[in-house]
Amino acid sequence: MQRVLAGFFRNQGLLLAGAIAYYALLSAVPLLILVVIAFSRVVEPQELLALLARYLEWLVPSQSRAVLADVEGVLHERAALGALLVATMLFFSSLAFSVLEKAMGVIFSHRGRPRPVMPWCPFFFPTAWYSFSGSPSWR
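Since we're looking at a predicted model, the values are computed, not measured. (Residues numbered from 1 in each chain as written. Predicted model: local features only at pLDDT ≥ 70, side-chain atom pairs only at ≥ 80, totals over all residues. Heavy atoms only, no water.)

**A short note on a nonpolar patch on the surface**
Here comes step 1: A grouping of Leu-51, Tyr-55, Trp-58, Leu-59, Val-60 and Val-67 is seen on the molecular surface, where their side chains present a nonpolar patch of about 620 Å² in accessible area.
Here comes step 2: Top element by residues in the nonpolar patch is helix 3 (residues 45–59). It accounts for 4 residues.
Here comes step 3: Its place among the elements puts Val-60 in the loop between helix 3 and helix 4 (64–76).
Here comes step 4: In this structure Val-60 comes out as partly exposed when scored by relative accessible area, which is 32%. (Patch = residues over 30% accessible without salt bridge, like charges linked within 9 Å, V, L, I, M, F, W, Y side chains within 5 Å. Areas by Shrake-Rupley, 256 points an atom, 1.4 Å probe, with all protein chains shown as cover. Salt bridge = Lys/Arg side-chain N within 4 Å of Asp/Glu carboxyl O. Helix = DSSP H or I, 4+ residues; strand = E, 2+ residues; numbered from the N terminus. Buried < 20%, exposed > 50% of the residue type's maximum accessible area, 1.4 Å probe, protein only.)

As structure tokens, then:
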């Protein structure tokens, strides 16, 4: 147990875990706001606000009105905020995945050199999936 803990602290495991959690939170908040904006295109905004008010009153009773006022402001400015939120989410999620990649490299460093990824793999697998799954867009 002592050897495991010493290795964890030597490899800065606590710092890497904190960085992953921090960047994941910073990318999850814009994602949640984008989900609310997307739902406002499907559901009437007043109906969506009433639903959110009910759940926010249960979740954060003392701050539900303040959060709901902020959500209402976001819905009024959804066209301007959409692109900014997408850019923010992509930036922080890329940071989260780079820290996650570093953490995985530290965890599996005993296995030696990783195999190189072929440059055609990111294109080939989705294309093969869509063509073999019978997606109507490829017919």
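**Things to note about the layout of surface pockets**
Where empty space is left can be seen by rolling a probe of water-molecule size over the atoms.
Here comes step 1: Approximately 430 Å³ is the volume attributed to the largest pocket.
Here comes step 2: Around the largest pocket, the lining is made up of 16 residues, and of these Leu-32, Ile-33, Val-36, Leu-52 and Val-71 lie nearest the centre.
Here comes step 3: Counting only elements with at least two residues in the lining of the largest pocket, the list comes to helix 2 (13–42), helix 3 and helix 4.
Here comes step 4: The element best represented in the lining of the largest pocket is helix 2, accounting for 6 residues.
Here comes step 5: Its residues assigned to classes, the lining of the largest pocket comprises 15 nonpolar, no polar and 1 charged.
Here comes step 6: A volume near 220 Å³ is recorded for the second largest pocket.
Here comes step 7: Every residue lining the second largest pocket is counted, 13 residues in all, and those nearest its centre are Phe-8, Gly-13, Ala-103, Val-106 and Ile-107. (1 Å grid on protein atoms, 1.4 Å probe; cavity = no way out; pocket = protein on both sides within 12 Å on 5 of 7 lines; lining within 4 Å. Points joined across faces, edges and corners; volume = space filled by probe spheres on them. Nonpolar A, V, L, I, M, F, W, Y, C, P; charged D, E, K, R; others polar.)

**Details of the packing of helix 2 against helix 5 (residues 78–107)**
Here comes step 1: Interhelical geometry of helix 2 versus helix 5 gives an angle of 150° and a closest axis separation of 8 Å. Classed by the angle they form, the pair helix 2 and helix 5 counts as roughly antiparallel. Two packed elements cross with a definite hand, and for helix 2 against helix 5 that hand is left-handed.
Here comes step 2: Broken down by class, the residue content of the contact of helix 2 with helix 5 amounts to 21 nonpolar, 5 polar and 3 charged. (Axes fitted to C-alpha atoms, helices over the stretch in contact; angles between N-to-C directions. Parallel < 35°, antiparallel > 145°, perpendicular 65-115°, else oblique. Left-handed = near helix turned anticlockwise from the far one by under 90°.)

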